[in-house]
Amino acid sequence: QVAVALGDYAEARQFLEESLQTAGAAEIRHLHVHALGNLSELNLAAEDYQAAKQDAQQALALAREIEEQFSIAAQLSHLGAVEMMLSEYATAENCFQEALDIAIGLGNRWEQASCLNRLGEVMWNLDRPHESQRYFQQALSTARDIGAASIALNSLQGLANHQADRGDTQRSLELAYFILHH
C-alpha cells in the first residue's frame with residue numbers, strides 16, 4: 001500500500017505478485033483473495049480497468065468458493081467500483097446491492113454505509129436522481145451513527161451535487177463549504 005501511495009506501481013505489483021505466489025503455494029486461500037483484491041486495486045489506480053476487473057472477478061470467485069462472506073462483500077464492492085469506471089452502471093448496481101445485502105446480514109455498518117454511497121453514485125450516473133438522493137441520505141445517516149466521517153463527507157458531496165442540479169446553489173455551496181472545512 002505504501003508503494004501505491006508513493007506511485008511506485010511496479011514495486012507494488014512485484015510485492016503483490018510475490019504475495020499471490022506465497023499464498024497460493026501455502027494454500028492460504030483467504031490471503032489469496034486479499035492479494036488478488038489488492039492487485040485489482042493497484043490496476044484500478046493505474047487505470048488498467050480490464051486487468052482490475054479480471055483480478056476482482058478472480059478474487060470474488062475465490063471468496064465465494066471459500067464462502068467467506070466478509071470477503072465476498074468486499075470483493076463485490078471492489079468489482080462494483082471497477083464496473084463504474086468502465087461505465088457498466090447496471091452491473092455495478094448489482095454488485096453494490098449484493099454487497100449491501102451481505103453487509104446488512106453481517107451487521108457490518110461501515111460496509112453498509114459505503115455501499116449506500118456507491119449506490120447513490122450509480123443512481124446518479126443512471127440519471128435516477130430520487131433514488132440517488134435516497135441512497136446518499138441513508139449512507140449519511142448510517143455513517144453518522146457509526147462515526148465514519150469519510151463516508152459521511154462522501155454522502156454530503158453527493159447531496160451537494162443534487163442541490164446544485166436542482167438549482168439550489170446556495171444549499172449546494174453550504175454543503176461544499178462544510179465538506180471543505182471538516
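Computed from a prediction, not measured in an experiment: that's the story for all the values here.

(A) Expanded view of the pattern of salt bridges. The final tally for this structure, using the stated rule, is six salt bridges. Here Arg64 makes a salt bridge to Glu98, at a shortest N to O gap of 2.9 Å. One end of the pair, Arg64, is in helix α4 (residues 49-65); the other, Glu98, is in helix α6 (residues 89-106), and 34 residues separate them in sequence. Given a relative accessible area of 36%, Arg64 falls into the partly exposed group. Residue Glu98 is classed as partly exposed on the basis of its relative accessible area, which comes to 29%. Measuring nitrogen to oxygen at the nearest pair gives 3.7 Å for the salt bridge that ties Arg118 to Glu121. Residue Arg118 and its partner Glu121 are both found in helix α7 (residues 109-125); the two are separated by three residues, about one turn of the helix. Residues participating in the shared-partner salt-bridge network are Glu93, Arg128 and Glu131.

(B) Local environment of helix α9 (residues 149-165). With 17 residues, α9 extends 24 Å from end C-alpha to end C-alpha; this agrees with the ideal 24 Å at 1.5 Å per step. Within α9 the residues assigned to the buried category are Ile151, Ala152, Ser155, Leu156, Gly158, Leu159, Ala160, His162 and Gln163.

(C) Here's a closer look at the environment of Arg109. With respect to the helices, strands and loops of the structure, Arg109 is situated in helix α7. Sequence separation between Arg109 and Ala143 is 34 residues, and the spatial gap between their C-alpha atoms is 7.9 Å. Not counting chain neighbours up to four residues away, the residues in contact with Arg109 comprise Thr142, Asp145 and Ile146.

(D) Seen up close, the layout of surface pockets. Taken as a whole, the second largest pocket holds about 160 Å³ of empty space. As for the second largest pocket, its lining consists of Glu121, Trp124, Asn125, Phe136, Asn154, Gln157, Gly158 and Asn161. Those elements that provide at least two residues to the lining of the second largest pocket are α7 and α9. At four residues, α9 tops the list of elements feeding residues into the lining of the second largest pocket.

(E) Inspection of the nonpolar core at higher detail. With 26 residues, the main nonpolar core has Ile72, Leu76, Met84, Phe96 and Val122 as its most contacted residues. No other element matches the seven residues that α6 contributes to this core. When sequence neighbours within four positions are dropped, the list of residues in contact with Leu76 reads Leu60, Arg64, Cys95, Glu98, Ala99 and Ile102. Core analysis: the next-biggest nonpolar cluster, separate from the first, contains nine residues, Phe136, Ala148, Ala152 and Leu159 among them.

(F) Just the packing of helix α5 (residues 69-85) against α7, in detail. α7 packs onto α5 with a crossing angle of 20 degrees between their chain directions and a minimal axis gap of 11 Å. Taken together, the axis directions place α5 and α7 in an arrangement best described as roughly parallel. The two elements α5 and α7 cross, and the hand of that crossing is left-handed. Judged by residue contacts, Ala73, Ala74, Ser77, Ala81 and Met84 of α5 engage Glu111, Cys115, Arg118, Glu121, Val122 and Asn125 from α7. For the contact of α5 with α7, the per-class residue count stands at six nonpolar, two polar and three charged.

(G) Focus on the packing of aromatic side chains. Inspection of the entire model under this criterion finds zero aromatic pairs. In this arrangement the basic side chain of Arg134 is found over the ring face of Tyr135, its NZ or CZ atom lying 4.8 Å from the centre.

Rules used throughout
Residues numbered from 1 in each chain as written. Predicted model: local features only at pLDDT ≥ 70, side-chain atom pairs only at ≥ 80, totals over all residues. Heavy atoms only, no water. Salt bridge = Lys/Arg side-chain N within 4 Å of Asp/Glu carboxyl O. Helix = DSSP H or I, 4+ residues; strand = E, 2+ residues; numbered from the N terminus. Buried < 20%, exposed > 50% of the residue type's maximum accessible area, 1.4 Å probe, protein only. Expected span 1.5 Å × (residues − 1). Contact = heavy atoms within 4.5 Å. 1 Å grid on protein atoms, 1.4 Å probe; cavity = no way out; pocket = protein on both sides within 12 Å on 5 of 7 lines; lining within 4 Å. Points joined across faces, edges and corners; volume = space filled by probe spheres on them. Core = buried A, V, L, I, M, F, W, Y, C linked by side-chain atoms within 4.5 Å. Axes fitted to C-alpha atoms, helices over the stretch in contact; angles between N-to-C directions. Parallel < 35°, antiparallel > 145°, perpendicular 65-115°, else oblique. Left-handed = near helix turned anticlockwise from the far one by under 90°. Nonpolar A, V, L, I, M, F, W, Y, C, P; charged D, E, K, R; others polar. Phe/Tyr/Trp six-rings, centres within 6.5 Å; stacked < 30°, edge-to-face > 60°. Lys NZ or Arg CZ within 6 Å of the ring centre and 35° of its normal.

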